[in-house]
Amino acid sequence: MICAGIDAGSRTIKVVLLDAGNSRVLASGIADQGIEQNDLALGLLGRLLDEQGLRRGDLRRVVATGYGRKLIDAADERITEITCHGRGVRHLLPETRSVVDIGGQDSKILRLNGDGNVADFVMNDRCAAGTGRFLEVVATRLGVRLSLLGELASRSRRPAAISSMCVVFAETEIIGLLASGTSPEDIAAGVQRAIASRVASMAGASLATPIAFTGGVALVPGMDRALESALGKPVAIAPDPQTTGALGAALLAAQRRPESR
Amino acid sequence: MNRPARRITLEAWGRRYDELCAAGLCEPDYGGPLARHVDDGDLRLCKLAMDDSAAALRLWNFLLTEDDRLRRARAGGARIVGTMKDLGTVPVMAYSLDDVVAFYPDGAWWIPCVMERTAGLLEIADSLGIDDSFCPVRAMLGAFVNEAHFPIPDLLTCSVGATCDDLSAIAQRLEALGHPVVWWEIPHRRRPDAGEDAVRLPGRFVAPRRQVDFVRRQLEGVAAALADLAGQSLDDERLAAGIRRANRVRRLLDELRQLAFTAAACPLPALEMLIAEMLAIHFCSDPNESIAVLEALLGEVRRRVAAGVGILPAEAVRVFWVNPVADLRVMNLLEDAGGRVCGTEYLFCHALDPIPDDLAPMEALAQMALADPMVGSPADRASRICADARRFGAEAVVISRIPGASHCAMEGAVLGAAVRQRLGIPVVEIEVPPISDAVEPALRTRLEALIETAKDHGSR
């Protein structure tokens, strides 16, 4: 029996196909998000099914999550990314007690209880402060690809102080820093530090360990170290951190009773 | 009564109104179909789900005709008092006098939501230098300028001191525009020092005697201004009668809350409960009609509870809600997400407590004013929230934030931490702008996640 999880995030769509019998991931894929979210998700799902020699009729159940979950027609159920990320991390790193997820448009912190269920969570404000979008803007302003931002930051000798987390204000600050001769390396490192500091402040006084790091921003080299430094605790990047939510959705789909499809 | 209770759209309310009329609906003079308010500009009604009872119809019509009521009162010779930054004290004094009508100009903060910003009130405030870094209550300034939403009061009062900084600034701007204000001061409520004479206030707080005495003297100044306006003496006998009437409103609300929040099946939507609770602080410009409206609502709720009729699925998660929302639609959103409100602290929980009637009236009112959750520490407020959330069996807490509002900018973290520590239930903090359409997916995610988490948490 095959189940699918679709994470319709703000920047990308992620799909995971799961063998419900043994919770083994059969395939996963990522596509850029766009206006026709449903079509994009169906296209990605169809491609993964084709690659596995499967048909839509082979799917027992589909759970959609993420910002655009309501728009996914193929979903039998829609569950928030909070629950799905928690479920995905619980599967991958069962000892985890806290999850830091930094995605394209939001960041969140989940506290997991002893059973691995979400006990509580906090999310950032509605603006893109401290998110992947923020890093994209910074990368564009510094003239580097997002994938190279971490490498750039790693060459910093003195990370710049970035005081604003608002995308618009921070861009203005970066222009000012560049004009004053601050190196792109120091700006990139300063931005990483600022994001990590914001997440730490969102986490509050205590964040139980082990801590898992998920979301696309976890793939940016150096972000995990910046986070560890801000939190004062070790942080482990989850395997395939971008697809944790989709994996959780697929696992939740597998958990539901088959007759409910 | 076996008819199912439902939340219905404005369009469905049109048909429902016809049904009720055919069944012999008796309405007060402000009655009528709800859709007529849309013609007056209250566009947000088109996006709300509302309770389908005749009692709810009366509540909505009462709320949305306050301006007519105030203008009729003026035409009839009544003196009008605008009681700014006052959550349930000066209106009790004002309504103790004959031919005096009080209202709450700060209530204009909901107009940008209800009229979907078509009234231009925020833009007027912008033009006067009160921009969106201030609380949406700045809409009040626009309403004073365009005079389209309430008549200009004959007397304006405003508390200052340990209250909202934004409102103080806005009221000062208002005074500079030529609207004189009778200011009265309320100190930050503090715990009595060791050996200091103390007073136990309604709502379980304690304050030094000297603070209560100070507030009483401040209120005596307001009473003198009201008496001058009315040409009557505001003596203890009149005040005691006014307090008795206010307490009638409060007791009705207490019973309504108790029934609605504890019933197995939720008998009344969060939206109607919010509006009903607001009657405690300003009576919607008519205390006697407030009593009639609440009695009708309570009657409906009693019938539904007795019949086991609810407007939401029985498994709805019990959520305690902190702070009022700028966009009423969000109360619907919680219910759409699978929650039900089972307890509230809309910043005026003290106005839901009975005013002590065994004290001298001015002393009782001073104590009530000092029991305002906004004039004490967030820790005091957190204590009451935790106690009430526990009493009503809350499974989760929503702390709503008002963009730009100085009184709740930082408080959410304190309240959230207290709830997590003392009650061990999930909490979410949300920010709700006057029109939340653009952020609805984000708000929906937070509320749905809270419901999912609470369900997992309680292993329901």
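Residues numbered from 1 in each chain as written. Chains lettered and ligands numbered in written order. Predicted model: local features only at pLDDT ≥ 70, side-chain atom pairs only at ≥ 80, totals over all residues.

Student: Quick question: what am I supposed to make of the overall build of chain A here?
Tutor: Counting secondary structure elements, chain A contains 8 helices and 10 strands. For a compact globule of 261 residues, the expected C-alpha radius of gyration is about 18 Å, and chain A comes in at 19 Å, within 12% of that figure. For chain A, the spread of C-alpha atoms along the three principal axes comes to 65 × 40 × 30 Å. Of all intrachain contacts in chain A linking residues separated by at least 6 positions in sequence, the fraction that spans at least 24 positions is 68%. (Helix = DSSP H or I, 4+ residues; strand = E, 2+ residues; numbered from the N terminus. Rg over C-alpha atoms; globule rule 2.2 N^0.38 Å. Contact = placed C-beta atoms within 7 Å.)

Student: Help me understand the overall build of chain B, please; the structure alone is not making it clear to me.
Tutor: A tally of helices and strands in chain B yields 18 helices and 12 strands. Taking 460 residues into account, the globule formula puts the C-alpha radius of gyration at 23 Å, and chain B, at 21 Å, falls close to it. Overall, chain B is about 55 × 55 × 45 Å in size when its C-alpha atoms are taken along their principal axes. Taking all 460 residues of chain B together, the buried fraction comes to 56%. When contacts within chain B are restricted to residue pairs at least 6 apart in sequence, those whose partners lie at least 24 apart make up 76%. (Buried ≥ 20, exposed ≤ 12 C-beta atoms within 10 Å, placed from the backbone.)

Student: For this particular structure, what's the right way to read the domain arrangement of chain A?
Tutor: Accessible area lost when the parts come together is the quantity often used to give the size of an interface. Residues and elements named next belong to chain A. Looking at the assigned domains, one finds that chain A contains domain 1 (2-87 + 243-260) and domain 2 (95-237). With 10 residues of domain 1 in contact, the opposing surface of domain 2 contributes 14 residues. Among the elements that take part in the side of domain 1 that touches domain 2, helix H2 (residues 81-92) stands out by supplying 4 residues, more than any other. Considered class by class, the residues forming the side of domain 1 that touches domain 2 number 2 nonpolar, 7 polar and 1 charged. (Domains from an automatic or database assignment. Nonpolar A, V, L, I, M, F, W, Y, C, P; charged D, E, K, R; others polar.)

Student: Any chance you could explain the packing of H2(A) against helix H8 (residues 244-255) of chain A here in plain terms?
Tutor: For any two helices packed against each other, the geometry is given by the interaxial angle and the distance between the axes. All names here are of chain A. At a closest axis distance of 7 Å, the pairing of H2 and H8 adopts a crossing angle of 90°. By the angle between their axes, H2 is roughly perpendicular relative to H8. Only Thr244, Gly245, Leu247, Gly248, Ala249, Leu251 and Leu252 of H8 make contact with H2, whose side of the interface consists of Glu81, Cys84, His85, Gly86, Arg87, Gly88, Val89 and His91. Tallied by class, residues from the contact of H2 with H8 come to 6 nonpolar, 7 polar and 2 charged. (Axes fitted to C-alpha atoms, helices over the stretch in contact; angles between N-to-C directions. Parallel < 35°, antiparallel > 145°, perpendicular 65-115°, else oblique.)

Student: Where do I start with the sheet that holds strand E3 (residues 79-84) of chain B in this structure?
Tutor: The strands that make up a sheet are held in pairs by hydrogen bonds between backbone atoms, and each pair lies either parallel or antiparallel. Residue and element names in this part refer to chain B. An order of E4-E3-E5-E6 is seen for the 4 strands of this open sheet, with the pairing classed as parallel. Edge positions in the sheet fall to strand E4 (100-103) and strand E6 (182-186), since each has one partner strand and no second. Put simply, the sheet's adjacent strands are angled 25° from each other on average, direction ignored. As judged from the 5 bridges shared by strand E5 (residues 155-161) and E6, these two strands associate in the parallel manner. Each residue of the ladder has a partner; that of Thr157, found in E6, is Val182. Sheet contacts for helix H4 (residues 66-75): E3 and E4; angle to E4, the most-contacted strand, approximately 155°. (Pairing = 2+ DSSP bridges.)

Student: For this particular structure, what's the right way to read unusual backbone geometry?
Tutor: In terms of backbone geometry, most residues other than glycine have negative phi values and most peptide bonds are trans. Each neighbour pair has its own omega, and for A:Thr209 with A:Pro210 the value is -5°, a cis peptide bond. Looking at where A:Pro210 falls in the secondary structure, it is placed in the loop between helix H6 (184-203) and strand E9 (211-214). Of note, the phi angle at B:Asn323 is positive, near 75°, even though the residue is not glycine. Residue placement: B:Asn323 occurs in the loop between strand E9 (317-322) and helix H14 (329-336). The phi torsion at B:Leu347 lies on the positive side, around 80°, for a residue other than glycine. If you trace the backbone, B:Leu347 turns up in the loop between strand E10 (339-345) and helix H15 (361-370).

Student: Teacher, can you tell me more about H8(A) here?
Tutor: Three- or four-residue spacings in an α-helix give side chains the same orientation, since the helix completes a turn every 3.6 residues. Taking 1.5 Å of rise per residue, 12 residues should cover 16 Å, and H8(A) covers 16 Å from first to last C-alpha, within 8% of that figure. Those residues of H8(A) hidden inside the fold are in contact with strand E1 (2-8), strand E2 (12-19), strand E3 (24-32), strand E4 (59-65), H2 and E9 of chain A. (Expected span 1.5 Å × (residues − 1).)

Student: Would you mind showing me how to read the sheet that holds E10(B) here?
Tutor: Residues and elements named next belong to chain B. One open sheet holds the 4 strands; their spatial order is E10-E9-E11-E12, and the pairing between them is parallel. Either end of the sheet is taken by a strand with one partner, and the two such strands are E10 and strand E12 (427-431). Direction aside, the axes of adjacent strands within the sheet are offset by 30° on average. Both E9 and E10 contribute to a ladder of 5 bridges, which runs parallel. The residue bridging Val322 from the neighbouring strand is Glu345, located in E10. Sheet strands touched by helix H16 (residues 378-391): E9, E10 and strand E11 (396-401). Its angle to E10, the strand with the most contacts, is close to 140°.

Student: Help me understand the nonpolar core in this model?
Tutor: Generally speaking, nonpolar side chains in soluble globular proteins are found buried as a group. Residues B:Val319 and B:Val397 are the most contacted members of the largest nonpolar core, which totals 209 residues. A:Val16, A:Ile72, A:Ala250 and A:Leu252 belong to the second-largest nonpolar core, a separate cluster that totals 32 residues. (Core = buried A, V, L, I, M, F, W, Y, C linked by C-beta atoms within 7 Å.)

Student: Sorry, what's going on with the pairing of E5(B) here?
Tutor: When a strand is regular, its side chains alternate between the sheet's two faces. Residues and elements named next belong to chain B. Summarising burial for E5: 5 of the 7 residues are buried, a large majority. Pairing analysis gives 4 bridges linking E3 to E5, with the strands arranged parallel. Bridge pairing in E5 links Gly82 to Leu156. After leaving E5, the chain enters helix H9 (residues 165-176) and then returns to the sheet as E6, a path that is right-handed. (Right-handed = clockwise from strand over helix to strand, strands pointing away.)

Student: Looking at this structure, I do not really get the interface of chain A and chain B. What am I missing?
Tutor: Contact residues are listed per partner, giving 13 residues for chain A and 15 residues for chain B. Broken down by secondary-structure element, the contributors of at least two residues to the side of chain A that touches chain B are H2 and strand E8 (118-123) of chain A. The dominant element in the side of chain A that touches chain B, judged by the number of residues it contributes, is E8(A), at 5 residues. Grouping the amino acids of the side of chain A that touches chain B by side-chain chemistry returns 7 nonpolar, 3 polar and 3 charged.

Student: What is the right way to read H16(B) from this model?
Tutor: All names here are of chain B. In a regular helix each residue adds 1.5 Å, so 14 residues correspond to 20 Å; H16 covers 20 Å between its end C-alpha atoms and thus fits that length. Burial in H16 covers these residues: Pro378, Arg381, Ala382, Ile385, Cys386 and Ala389. Projected down its long axis, H16 shows its buried positions confined to an angular sector of 135°, all on one face. Turning to H16, the residues buried within the fold contact E9, E10, E11 and helix H17 (411-423). Immediately downstream of H16, the backbone of Gly393 shows phi near 70°, a positive value. (Arc of directions from axis to C-beta.)

Student: Any chance you could explain the confidence of the model for chain B here in plain terms?
Tutor: Residue-level pLDDT values for chain B average 94, and 98% of them are 70 or greater. Reported confidence for the predicted complex is 0.87 by ipTM and 0.92 by pTM. (pLDDT = per-residue confidence, 0-100.)

Student: Just to check I follow, could you spell out the environment of B:Ala12 for this structure?
Tutor: Residues and elements named next belong to chain B. Along the polypeptide, Ala12 turns up in helix H1 (residues 10-22). Residue classification places Ala12 among the partly exposed residues on the basis of 14 C-beta atoms within 10 Å. Measuring from C-alpha to C-alpha, the distance between Ala12 and Ala49 comes to 9.6 Å, with 37 residues separating the pair along the chain.

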